[in-house]
Amino acid sequence: MTSAPGPVDQPQPAPGAVHTVPADPAGVGPGGVGPGGWPTTPPGGYPAPEPDRLTRFVLRLYERSPRWAVPLAAVGCVAAGMGYALLSNPADAPPDAAPTCLLKLTTGLDCPGCGGTRALWYVLHADLPAAARHHFLFVFALPFLAYLFVAWAANQAFGWRLPELRISSKVIVGFMGVWLAFSVLRNLPWAPFTSLYV
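Counting starts from 1 at the beginning of each chain's written sequence and moves along it residue by residue. The model is predicted, so local features are restricted to residues of pLDDT at least 70 and side-chain atom pairs to those at 80 or more, both for listing and for counting; the totals for chains, interfaces and linings are taken over all residues. As a rule here, side-chain values cover all heavy atoms of the structure and leave hydrogens and water aside.

### A short note on the overall build of the protein
So, step 1. Secondary structure is summarised from DSSP: a helix means a run of H or I of at least four residues, a strand means a run of E of at least two, and numbering begins at the N terminus for each. In terms of regular secondary structure, the protein is built from seven helices and zero strands.
So, step 2. Ordered by position from N to C terminus, the α and β elements of the protein give α-α-α-α-α-α-α.
So, step 3. Throughout this description, buried means an accessible area under 20% of the type-specific maximum (1.4 Å probe, protein chains only), exposed means over 50%, and partly exposed covers the range between. Counting across all 198 residues of the protein, residues that qualify as buried make up 16%.
So, step 4. For the protein, contacts bridging at least 24 residues in sequence account for 49% of all contacts bridging at least 6. Should any heavy atoms of two residues lie within 4.5 Å, those residues are counted as being in contact.

### Section: the nonpolar core
So, step 1. Residues Ala119, Trp121, Tyr122, Ala130, Ala131 and Val139 constitute the largest nonpolar core, which totals six residues.
So, step 2. Mapped by element, the contributors of at least two residues to this core are helix H4 (116-124) and helix H5 (128-134).
So, step 3. Ranked by residues supplied to this core, first place goes to H4 with three residues.
So, step 4. Those residues in contact with alanine 131 that lie beyond four places of it in its chain are Ala119, Tyr122, Val123 and Val139. Definition of nonpolar core: a set of buried residues of the types Ala, Val, Leu, Ile, Met, Phe, Trp, Tyr and Cys, connected through side-chain atoms within 4.5 Å.

### Section: the packing of helix H6 (residues 136-158) against helix H7 (residues 169-185)
So, step 1. All axes are obtained by fitting lines to C-alpha atoms, using only the stretch in contact for helices, and the reported angles, taken between N-to-C directions, cover 0 to 180 degrees. Two elements in contact, H6 and H7, have axes separated by 10 Å at closest approach and are oriented at 155 degrees. When the axis of H6 is compared with that of H7, the two are roughly antiparallel. Touching Phe136, Leu137, Phe140 and Ala141 of H6 are Phe175, Val178, Trp179 and Phe182, all from H7.
So, step 2. Of the residues belonging to the contact of H6 with H7, the class tally is eight nonpolar, no polar and no charged. Here is the rule for angles: anything less than 35 degrees is roughly parallel, anything more than 145 is roughly antiparallel, 65 through 115 is roughly perpendicular, and the remaining ranges are oblique. Any residue outside Ala, Val, Leu, Ile, Met, Phe, Trp, Tyr, Cys, Pro, Asp, Glu, Lys and Arg is labelled polar, Gly included; the first ten of those are nonpolar and the last four are charged.

### Brief notes about the packing of aromatic side chains
So, step 1. Between the rings of Phe, Tyr and Trp (Trp by its six-membered ring), a pair exists once the centres lie within 6.5 Å; its type follows the angle of the planes, with under 30 degrees stacked, over 60 edge-to-face, and the other angles tilted. Counted according to the given criterion, the structure contains six aromatic pairs.
So, step 2. Taken together, a centroid distance of 5.2 Å and an interplanar angle of 85 degrees make the contact between tryptophan 121 and tyrosine 122 edge-to-face. Tyrosine 122 carries the same exposure label as tryptophan 121, and that label is buried.
So, step 3. Residues phenylalanine 136 and phenylalanine 140 carry aromatic rings whose centres are separated by 6.5 Å and whose planes lie at 25 degrees to one another, so their mutual orientation is stacked. On the criterion of helical spacing, the pair formed by phenylalanine 136 and phenylalanine 140 is a turn pair, its members being four residues apart in helix H6.
So, step 4. For phenylalanine 136, a relative accessible area of 47% puts it in the partly exposed group.
So, step 5. Phenylalanine 140 sits in the partly exposed class, given a relative accessible area of 45%.

### Some details on the pattern of salt bridges
So, step 1. Every case where a carboxyl oxygen of Asp or Glu lies within 4 Å of a side-chain nitrogen of Lys or Arg is listed as a salt bridge. By the definition in use, this model includes three salt bridges.
So, step 2. We note a salt bridge from glutamate 164 to arginine 166, for which the minimum N-O separation is 3.9 Å. The pair formed by glutamate 164 and arginine 166 is uniform in burial state, with each residue classed as exposed.

### Here we look at the confidence of the model for the protein
So, step 1. Think of pLDDT as the predictor's per-residue confidence, scored from 0 to 100. Mean pLDDT over the protein: 79, with 74% of residues reaching 70 or higher.
So, step 2. Mean pLDDT across the secondary structure elements of the protein bottoms out at helix H3 (residues 102-107), with 79, and peaks at H7, with 92.

### Some points on unusual backbone geometry
So, step 1. Cis rather than trans, the peptide bond between alanine 191 and proline 192 has omega equal to 5 degrees.
So, step 2. With respect to the helices and strands, the residue proline 192 is situated in the segment after H7.
So, step 3. For alanine 126, which is not a glycine, the phi torsion comes out positive at approximately 60 degrees.
So, step 4. The residue alanine 126 is located in the loop between H4 and H5 in this model.

### Structural notes on a positive patch on the surface
So, step 1. Distance thresholds for patches are 9 Å for like charges and 5 Å for nonpolar side chains (Val, Leu, Ile, Met, Phe, Trp, Tyr), applied to residues having over 30% relative accessible area and no salt bridge. Here the open area of atoms and residues is found with the Shrake-Rupley method and a 1.4 Å probe, where only the protein chains shown may cover a residue. Only four residue types enter the tally: Lys and Arg on the positive side, Asp and Glu on the negative side, with His and both chain ends excluded. The location of each charge is read from NZ of Lys, CZ of Arg, CG of Asp or CD of Glu. Taken together, the side chains of Arg53, Arg56, Arg60 and Arg64 present a region of like positive charge at the surface.
So, step 2. With a relative accessible area of 36%, arginine 56 lands in the partly exposed category.

### Focus on the state of the cysteines
So, step 1. Cysteine sulfur atoms are paired as a disulfide whenever they come within 2.5 Å of each other. Inspection of the entire model under this criterion finds zero disulfides.
So, step 2. Summary of cysteine pairing: cysteine 111 is not part of a disulfide, and the nearest cysteine sulfur, belonging to cysteine 114, is at 3.5 Å.

### Regarding H4
So, step 1. Every buried residue of H4 is accounted for by Gly116, Ala119, Leu120, Trp121 and Tyr122.
So, step 2. Along its buried surface, H4 packs onto helix H2 (69-88), H5 and H6.
So, step 3. Backbone geometry just after H4 places alanine 126 at a positive phi near 60 degrees.

Here's what the structure looks like:
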């Protein structure tokens, strides 16, 4: 049985000999050359891809737009979501009304976001107990999300620096863990967990 020559099998230079880099027959270029003539680093990196027409258009539009345009677009998206919640009135809609949650429609289980639209509807009607009944974690996180959004939009649009809300990665991981536990507990068929089912 034969094996590929390793470092021990390679011919060793004589003591006092000058080490030379072998020629580059493949024309790799300025990249480093390792044992056996193989390149150890890419010769010059990869050329940046040319952006397509749509990307160039979006970049030009972004560069020429005023600084308040992006926050205004974000406010428009938030307003559209709130308008949808108000117009659709999900609090009076049947569970299978379109559009519906695919997980709940196929399995009967509440997904991690089930009740969020109804909670938003109740928040917009200043009924916080009913909103918390439908999605407690959404109602809990809403003031923090709203402040983060306002601070970002004020900085982007007007350069205002509101006090930063520093949220550590441990807090975020802890919140995600609580959300996961909440998503499991609200589907358990025993009291008091059945009160979380929406």
